[in-house]
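The lines below spell out each chain.
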Amino acid sequence: MSDENSLNAVELATELTIAWLGNQNNRVAAEDVPAFLRNMHATVNELAGGTAGATETSEEAEPEAEFTPAVSVRKSLASKDHIISMIDGKPYKTLRRHLSTNGLTPEEYRARYNLKPDYPMVAPSYSEARRAMAHKIGLGAKGRAGRNTPAPTATPAPAPARKPRAKAPANA
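Residues numbered from 1 in each chain as written. Predicted model: local features only at pLDDT ≥ 70, side-chain atom pairs only at ≥ 80, totals over all residues. Heavy atoms only, no water.

### Examining the overall build of the chain
Part 1 of the reasoning: Scanning the chain from terminus to terminus reveals eight helices and two strands.
Part 2 of the reasoning: Mapped in sequence order, the helices and strands of the chain form the string α-α-α-α-β-β-α-α-α-α.
Part 3 of the reasoning: Across the 172 residues that make up the chain, the buried fraction comes to 15%.
Part 4 of the reasoning: Excluding contacts between residues fewer than 6 apart, the proportion of contacts in the chain whose partners are at least 24 apart in sequence is 42%.
Part 5 of the reasoning: For the chain, the exposed surface amounts to about 14,000 Å²; the carbon and sulfur share of it is 55%. (Helix = DSSP H or I, 4+ residues; strand = E, 2+ residues; numbered from the N terminus. Buried < 20%, exposed > 50% of the residue type's maximum accessible area, 1.4 Å probe, protein only. Contact = heavy atoms within 4.5 Å. Areas by Shrake-Rupley, 256 points an atom, 1.4 Å probe, with all protein chains shown as cover.)

Now the structure itself:
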């Protein structure tokens, strides 16, 4: 019976992994798929009640929690045009997509490298360019007009004076 359970767990984990990877919103590098499948299998085993194998693998994964940054915090923020990633040392205008391809959220990235909560994820010049573009196309103007500045009053053009209608002759 345990062989049947383990076979079902493997099949279920495989099917769940295939379904998850088939979703176009989930982007995973090819080298990360085996690790994802192992995690899925451990989770399925844990949920099925066979927690012995799952706890051993999770204990083995814990010691690699020590991450060495590729660059210092000061060097990563040295330029206004880009932010240098502490993962690979490459410059990026925005770190969000880079972090998601590495399976991290901005909060996890900040925690991994002991960064302050206000550590930026977007380069200052890129942020300013996006801000200027948003102002140029008028984003946020509606909310701003109601709060701080009086709404522009559009004075309607005066309606043209109407000519009185000529009365039709009474004996028609």
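Moving on, there is more to tell.
### Here's the deal with the packing of aromatic side chains
Part 1 of the reasoning: A complete count under the given rule lists two aromatic pairs for this structure.
Part 2 of the reasoning: Their ring planes at 70° and their centres at 5.4 Å tell us that Y109 and Y113 sit as a pair that is edge-to-face. Of the two residues, Y109 and Y113, both sit in the buried class.
Part 3 of the reasoning: Between Y109 and Y119, the ring centres sit 6.3 Å apart and the planes meet at 50°, which makes this aromatic pair tilted. Remark: Y119 occurs in the loop between α6 (106-112) and α7 (124-137) and Y109 occurs in helix α6; sequence separation between them is ten residues. Just as Y109 is buried, Y119 falls in that class too.
Part 4 of the reasoning: Following the ring pairs from residue to residue traces out a cluster consisting of Y109, Y113 and Y119.
Part 5 of the reasoning: The ring centre of F67 lies 3.6 Å from the NZ or CZ of R112, which sits over that ring. (Phe/Tyr/Trp six-rings, centres within 6.5 Å; stacked < 30°, edge-to-face > 60°. Lys NZ or Arg CZ within 6 Å of the ring centre and 35° of its normal.)

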